[in-house]
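Next come the chains, spelled out residue by residue.
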Amino acid sequence: MSRDNTPLQTSAVINEAVETLRDGGLVAFPTETVYGLGADAKNAEAIKKIFTAKGRPSNHPLIVHLAAPDKFDQAQIDWVPLLTPWVRDLSEDALKLMNAFWPGPLTLVFKKEKSVLNELTGGQDTVAIRAPAHPVAQELLRKFKGGVVAPSANRFGKVSPTSAADVRNEFEGMLDLMVLDGGDCEVGIESTIIDLSSGDCATLLRPGVITPKDILAKTGITVYQPGEAKDKNLIEGLPRVAGSLRAHYAPTTPLRLYAPGRVLDALSEFPDIKSRVAVAVWDSESSLGEDGHPSAHFEEVEVPSNSTTFASRLYRSLRDLDQQGWDLILFPEPPAGEEWDGVRDRLQRACFGSGPSSSSHASN
Ligand code: TXA
Ligand code: MG
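Just so we're clear, the structure is a prediction, and the values are computed from it rather than from any experiment. (Residues numbered from 1 in each chain as written. Chains lettered and ligands numbered in written order. Predicted model: local features only at pLDDT ≥ 70, side-chain atom pairs only at ≥ 80, totals over all residues. Heavy atoms only, no water.)

### Re the pattern of salt bridges
Should the charged atoms of two oppositely charged side chains come close, the side chains can pair.
Then comes step 1: Applying the stated criterion across every chain, the model contains 15 salt bridges.
Then comes step 2: Here Arg-344 ties to Asp-341 by a salt bridge, and the two come within 2.6 Å at their closest N and O atoms. Placement of both Arg-344 and Asp-341 in helix 12 (residues 341–353) is noted, with a separation of three residues, approximately one turn of the helix.
Then comes step 3: The buried category is assigned to Arg-344, whose relative accessible area is 18%.
Then comes step 4: For Asp-341, a relative accessible area of 22% puts it in the partly exposed group. (Salt bridge = Lys/Arg side-chain N within 4 Å of Asp/Glu carboxyl O. Helix = DSSP H or I, 4+ residues; strand = E, 2+ residues; numbered from the N terminus. Buried < 20%, exposed > 50% of the residue type's maximum accessible area, 1.4 Å probe, protein only.)

Encoded structure:
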């Protein structure tokens, strides 16, 4: 987790990764959110390899990752020249958001510049951009001197990877992939996505650790939920977001949420489960006690009751529990509050897509 024990890659390895990208190959690399599967954003053939490797439908757009100039004072970065090859109409709000949160776990959607490849935007006239903060991602992007498209480095619909080993497991036997190791991802869930492409109304497309409240406090910009956008016409026009499928981020073990004190209700959906149930409990609360399902063998697993720490460990826990052969995994419903929206969103989709047939669910 900590940057202190991050096994930063040597310059030689990063140079090799840059060569691979220039040759039209794929490179997996760490970001502060999750690991990405990168390709040259100007190379249509390389971009197609990403869709094939992930098994992702070709109309689901990708995020372009850009390097932040190496400035001691990041507030001094001039983003405009970096963005102009990619986007039209950089608004005042866009500049405020970039100055406040980049490099970092925030993706912004703009109207695209003509030359941006349709292969990466899924044919839409908008483009999603972010400048990741992880030092390995930054060094790779700076040396590459161009945009790198990078979805999360997992098979479509599956749990996103937060370590280099997760990426290798995800593509084992399928793809001989270069994976840069930058340790465990600190943030742990994907970036917040804000749509700025529809004029003056900033809309939340995917919740993450940067919340609308954080954005309002730091920039004075109001971010609307899709349903509460001022101009109702915008709602129809909202871009598609892959994460907006109901099933996503899913383990193969069935996963359900339980309301406070209602573990038995969650179990009632699974009358046949007689054996092993993993029950996640808040670390701030005492254990569930002995009143569980009489024939089920419960094992309690503590999860952090702080939203940021919970997010940083969520995918790690889901992957680890998925490997342990449980019949069912139960997680507590996250409490109300914007700071929990990112993890609530991921958990609900993971539940919906979970179970042995999760890949067929996910492509619905
Ligand atoms: O944290 C992250 O954003 C990670 C790391 C690797 O940077 N990347 C990531 O990429 O989560 P991916 O492809 O798994 O998710 C990107 C999301 C998708 O839901 C996609 O539909 C949305 O961004 N997106 C991309 N371009 C868009 C556009 N033009 N309009 C609307 N949504 C867009
Ligand atoms: Mg993803």
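Let's pick the thread back up.
### Describing the environment of Arg-22
Then comes step 1: Structurally, Arg-22 is set in helix 1 (residues 11–22).
Then comes step 2: With 124 residues separating them along the chain, Arg-22 and Gly-146 place their C-alpha atoms 9.8 Å apart.
Then comes step 3: When residues no more than four places from it in sequence are discounted, the contact partners of Arg-22 are Lys-143 and Phe-144.
Then comes step 4: A polar side-chain atom of Arg-22 sits 3.4 Å from the main-chain carbonyl oxygen of Phe-144. (Contact = heavy atoms within 4.5 Å. Polar contact = N/O pair within 3.5 Å; in protein donor to acceptor, adjacent residues only side chain to side chain.)

### Some thoughts on the sheet that holds strand 14 (residues 328–332)
Strand pairing in a sheet takes place through backbone hydrogen bonds and is either antiparallel or parallel in direction.
Then comes step 1: Read across the open sheet, the four strands follow the order 11-14-12-13; overall the sheet is parallel. Lying at the two open borders of the sheet, with one neighbouring strand each, are strand 11 (255–258) and strand 13 (297–303). Neighbour-to-neighbour, the strand axes of the sheet open up by a mean angle of 25 degrees, direction not taken into account.
Then comes step 2: Contacts from helix 11 (residues 307–323) reach strand 11, strand 12 (276–282), strand 13 and strand 14 within the one sheet, and its direction differs from that of strand 14 by about 165 degrees.
Then comes step 3: This element, helix 12, spans strand 11 and strand 14 of the sheet and lies at about 130 degrees to strand 11. (Pairing = 2+ DSSP bridges. Axes fitted to C-alpha atoms, helices over the stretch in contact; angles between N-to-C directions.)

### Some words on the packing of aromatic side chains
Then comes step 1: In the structure shown here, the tally under the stated rule is six aromatic pairs.
Then comes step 2: With a centroid separation of 6.0 Å and an interplanar angle of 20 degrees, the aromatic rings of Tyr-249 and Tyr-315 are classed as stacked. Residue Tyr-249 is located in the loop between helix 9 (232–237) and strand 11, and its partner Tyr-315 is located in helix 11; the two are separated by 66 residues in the primary sequence.
Then comes step 3: Among the residues examined, Tyr-315 registers a relative accessible area of 1% and is labelled buried.
Then comes step 4: Measuring from ring centre to ring centre gives 5.5 Å for Phe-310 and Trp-340, while their planes differ by 70 degrees; the resulting arrangement is edge-to-face. Taken together, the residues span a long stretch of sequence, with Phe-310 in helix 11 and Trp-340 in the loop between strand 14 and helix 12 at a distance of 30 residues.
Then comes step 5: Over the aromatic face of Trp-86 sits the side chain of Lys-42, whose NZ or CZ is 4.4 Å from the ring centroid.
Then comes step 6: Positioned over the ring face of Trp-326 is Arg-276, at 4.1 Å from the centre of the ring. (Phe/Tyr/Trp six-rings, centres within 6.5 Å; stacked < 30°, edge-to-face > 60°. Lys NZ or Arg CZ within 6 Å of the ring centre and 35° of its normal.)

### Concerning the sheet that holds strand 1 (residues 27–29)
Then comes step 1: The mixed open sheet is built from ten strands, whose spatial order is 7-1-2-6-3-5-4-8-9-10. Strands at the two margins of the open sheet, each flanked by one partner only, are strand 7 (178–179) and strand 10 (223–224).
Then comes step 2: Alignment of strand 8 (residues 192–195) against strand 9 (residues 202–206), held across three bridges, turns out to be antiparallel. Bridge pairing in strand 9 links Ile-193 to Arg-206.

### Some words on the confidence of the model for the protein chain
Then comes step 1: Summary statistics for the protein chain give a mean pLDDT of 88 and a share of 87% for residues scoring 70 or more.
Then comes step 2: Residue range residues 1–5 is modelled with pLDDT below 50. Its contacts to residues more than four positions away, or to other chains, number eight contacts.
Then comes step 3: pLDDT under 50 marks residues 358–364. Its contacts with residues more than four places away, or in other chains, come to 15 contacts. (pLDDT = per-residue confidence, 0-100.)

### What about the packing of helix 4 (residues 92–101) against helix 8 (residues 212–219)?
Then comes step 1: Packing of helix 4 against helix 8 leaves a shortest axis separation of 10 Å and a crossing angle of 100 degrees. Relative to helix 8, the element helix 4 is oriented roughly perpendicular. Note on element contacts: helix 8 touches helix 4 through Asp-214, Ile-215, Lys-218 and Thr-219, opposite Lys-96, Leu-97, Ala-100 and Phe-101.
Then comes step 2: Its residues assigned to classes, the contact of helix 4 with helix 8 comprises four nonpolar, one polar and three charged. (Parallel < 35°, antiparallel > 145°, perpendicular 65-115°, else oblique. Nonpolar A, V, L, I, M, F, W, Y, C, P; charged D, E, K, R; others polar.)

### Some details on helix 6 (residues 135–144)
Then comes step 1: Among all positions in helix 6, only Val-136, Ala-137, Gln-138, Leu-140, Leu-141 and Phe-144 are buried.
Then comes step 2: Where helix 6 is buried, its residues contact helix 1, strand 1, strand 2 (36–40), strand 3 (63–65) and strand 6 (148–149).
Then comes step 3: Just downstream of helix 6 lies Lys-145, where phi reads positive at about 60 degrees.

### Let's talk about helix 1
Along an α-helix, a turn takes 3.6 residues, which lines up residues three or four apart on a common side.
Then comes step 1: Across its twelve residues, helix 1 extends 16 Å between first and last C-alpha, which sits within 8% of the 16 Å expected from 1.5 Å per residue.
Then comes step 2: For helix 1, the complete set of buried residues consists of Ile-14, Ala-17, Val-18 and Leu-21. Buried residues of helix 1, viewed axially, fall in a sector of 100 degrees; they line one side.
Then comes step 3: Structurally, helix 1 contributes buried residues whose contacts are with strand 1, strand 2, helix 6, strand 6 and strand 7.
Then comes step 4: Directly after helix 1, the chain includes Gly-24, whose backbone phi takes a positive value near 85 degrees. (Expected span 1.5 Å × (residues − 1). Arc of directions from axis to C-beta.)

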